[in-house]
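Tertiary structure, described
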Amino acid sequence: MIEVKNLHKSFGEAHILKGITTSFEKGKTNLIIGQSGSGKTVFLKCLLGLFDYEEGSIAYEGKIFSKLSPDEKRNLRAEIGMVFQGSALFDSMTIAENVMFPLRMFTKQSKSEMQDRVDFVLKRVNLDDAHNKMPSEASGGMQKRVAIARAIVNNPKYLFCDEPNSGLDPKTAIVIDNLIQEITDEYNITTVINSHDMNSVMEIGEKIVFLKNGLKEWEGSKDTIFKTDNEAVTNFVYSSELFKKVRKMYLEENS
Ligand SMILES: Nc1ncnc2c1ncn2[C@@H]1O[C@H](COP(=O)(O)OP(=O)(O)OP(=O)(O)O)[C@@H](O)[C@H]1O
Ligand SMILES: [Mg+2]
């Protein structure tokens, strides 16, 4: 469980996060949604400790991040897996070397232990025979799977994904979403995903935090998002014609 209280973040004069309070639950896919520029990536980077912030607190299992010692921070970082916006693989390394990288960084495992673990996670993301390919030889969907394999190779307690399915066709995007949800469930991970994709909301939005202009405008789940009359949320949800139609059908059925 990650608890955020009254988080404020500015860049110079620009006040980006304006007092966010929320929590992200263990074993769940927690979604942060909102329009481009609403502050999702900045928020995620604050959670990860990559950005300082002026006010507020972030607690991991009740322990306030900013009060941890350097050693404790390092230990916590070793428990975090991250899938960055874009896949951010190392171009000069093979897929297997990419996935092995966090093990080299954070563990003292032997070469054969590392190889076994890499085999296991690549299999888990359905990439059995891609070990020796270079990232440039992999499709977008494969690259995302490699990024997910790399993020989970070290058995993380926390998984952060920034727009994990951007740039993918809708079908592959759902495969990636479902993979993240299965892994979250299987290993009881606290997963936080930035998204502006309504398909993701419907597939995996167990907890949803909606950001607007750096504020939490609404929170709920995929079961409540279609019932809210919060105008900002409905504008976001029904920005596509498809969902306008779905809403009309829903309202007709329930009238
Ligand atoms: N390093 C930075 N320095 C200054 N301003 C920044 C920095 N990073 C982000 N911002 C500003 O913070 C605001 C929120 O940006 P952020 O990247 O969090 O949006 P987002 O919700 O992730 O958008 P998208 O959906 O396009 O990824 C934007 O106005 C952006 O210009
Ligand atoms: Mg972003």
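Since the structure is predicted, the reported quantities are computational estimates derived from the model, not experimental observations.

**Digging into helix H5 (residues 140-152)**
- The first and last C-alpha atoms of H5 sit 19 Å apart over 13 residues, in line with the 18 Å expected at 1.5 Å per residue.
- By the burial criterion, the buried members of H5 are Gly141, Met142, Lys144, Val146, Ala147, Ile148, Ala149, Arg150, Ala151 and Ile152.
- The inward-facing, buried residues of H5 contact strand E6 (80-83), helix H3 (95-106), helix H4 (111-124), strand E7 (158-162) and helix H6 (170-186).

**Things to note about the sheet that holds strand E5 (residues 63-64)**
- With antiparallel pairing, the 4 strands of this open sheet are ordered in space as E2-E1-E4-E5. Two strands close off the open sheet at either side, each with one partner strand: strand E2 (14-24) and E5.
- Judged from the 8 bridges that link them, strand E1 (residues 2-11) and E2 form a sheet pairing that is antiparallel. Looking at the pairing, Glu3 lines up with Ser23 of E2.

**Comments concerning the UniProt feature "domain: ABC transporter" (unreviewed entry) in the protein**
- Here the UniProt-annotated "domain: ABC transporter" (unreviewed entry) positions come out as residues 2-238.
- The span residues 2-238 carries 37% helix and 26% strand; its end-to-end C-alpha distance comes to 30 Å.

Each value, and the rule that gives it
Residues numbered from 1 in each chain as written. Chains lettered and ligands numbered in written order. Predicted model: local features only at pLDDT ≥ 70, side-chain atom pairs only at ≥ 80, totals over all residues. Heavy atoms only, no water. Helix = DSSP H or I, 4+ residues; strand = E, 2+ residues; numbered from the N terminus. Expected span 1.5 Å × (residues − 1). Buried < 20%, exposed > 50% of the residue type's maximum accessible area, 1.4 Å probe, protein only. Contact = heavy atoms within 4.5 Å. Pairing = 2+ DSSP bridges. UniProt positions renumbered as here; feature names shortened; annotations may be inferred.

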